[in-house]
Amino acid sequence: MDREWNDSQPIYRQLRDRVVAMILDGVLKEGDPLPSVRNVASEYRVNPLTVLKGYQQLVDEGLVESKRGLGMFINTGARNLLLQGERQRFLAEEWPRVHASIQRLGLTPEELDCCRKTQVVIGWRTVENRGSRSAAKRSAKAMACIEARGLRKAFGTTIAVDGINLRVEGGPHPRTHRAPTGRARPQRSMRFCASPHIRLS
Amino acid sequence: MHEFQEAGTPLDPAKYDHPVTMLYVDVDADRLTLVHYCDAGNGPRMTGKISPDGKTLEFDFADLSGSNKYGHMYHSVFTIIDANHHTEDWTYMLPGDKPVHGHFDLQRAK
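Describing the overall build of chain A
Here's step 1: In terms of regular secondary structure, chain A is built from seven helices and seven strands.
Here's step 2: Starting at the N terminus, the α and β elements of chain A follow one another as α-α-α-β-β-α-α-β-β-α-α-β-β-β.
Here's step 3: Taken across its 201 residues, chain A has 23% of its residues classed as buried.
Here's step 4: A sequence separation of at least 24 residues applies to 45% of the contacts in chain A between residues at least 6 apart.

Describing the confidence of the model for chain B
Here's step 1: When pLDDT is averaged across chain B, the result is 83; 83% of the residues are at 70 or more.
Here's step 2: Low pLDDT, under 50, characterises residues 1-16 of chain B; the stretch is placed with 20 contacts to residues that sit more than four places away or in other chains.

With respect to the nonpolar core
Here's step 1: Counting 21 residues, the largest nonpolar core has Val19, Ile23, Val51, Tyr55, Leu63, Val64 and Ile74 of chain A as the members making the most contacts within it.
Here's step 2: Looking at this core, the elements that each hand over two or more residues are helix H1 (11-24), helix H2 (37-44), helix H3 (48-60) and strand S2 (71-74) of chain A.
Here's step 3: For this core, the element with the most residues is H1 of chain A, which contributes six residues.
Here's step 4: Dropping the residues within four chain positions of it, Tyr55 of chain A is found in contact with Leu34, Val37, Val64 and Met72 of chain A.
Here's step 5: In this structure, Cys38, Met73, Trp90 and Tyr92 of chain B belong to the second largest nonpolar core, which totals nine residues.

Thresholds, definitions, all that
- Residues numbered from 1 in each chain as written.
- Chains lettered and ligands numbered in written order.
- Predicted model: local features only at pLDDT ≥ 70, side-chain atom pairs only at ≥ 80, totals over all residues.
- Helix = DSSP H or I, 4+ residues; strand = E, 2+ residues; numbered from the N terminus.
- Buried ≥ 20, exposed ≤ 12 C-beta atoms within 10 Å, placed from the backbone.
- Contact = placed C-beta atoms within 7 Å.
- pLDDT = per-residue confidence, 0-100.
- Core = buried A, V, L, I, M, F, W, Y, C linked by C-beta atoms within 7 Å.

Take a look at the structure:
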């Protein structure tokens, strides 16, 4: 856990939020014990009552169970409970704003889909795709187009694939590939970036 | 003025939990008052009474300045055991009137 605190809310709330993040990230698993109040207070230099308050919040939310004489433990189902809460909060608070922006800007599902991270690295006969399946298909088509045009000429140009503009970026690849002749050859890397809305890399 | 601070803790309220508690005598009203300036963004005022043997000071919540969004300190008891040893019991009221108790056994560092 981070030892820095901010002024946006009381430390006990920040402590509670950090434990919640650890549960969501899987650092603290169901059935795991929470560190003792004394240890947390000592390690993070906070008042033991502050730690108790943070822990009490977790108990009240049903995420943590206090076992007399043993300490506090993450409840079974705590992660699902948190996810459920976070999903509800997203749908109730964040999604309406996002949805309104999508409507206002007139964004289509295709345009939203192409915003997903797409990265293609062309090395020495090496292709690496990251992103959605449709993005991978687009990248493959773009590659064929680039190879037909010639690698050197393709850099810095924009290629239209399936109605989406992909900008071809390139540069020396950090790794090198040893060609069959035994000579080390520098690899070239390219990133295909959808434009004009968002630069993806 | 009594400043609650763990030994060796740097005085940096931005980085460390550092509530400050002030005790003062309200001469006009002839009473002992405690104010706990808390990082919850408030300063609850508590009124004290002393036990007949003079060893226990108990403070009850009187009123609050600042926000109650994150709850506030509600009750405290100081018990003097000897010149080098005393205990403190604090009760914090979380939102929804859920109390949290903390007991501190404090001995003078040698």
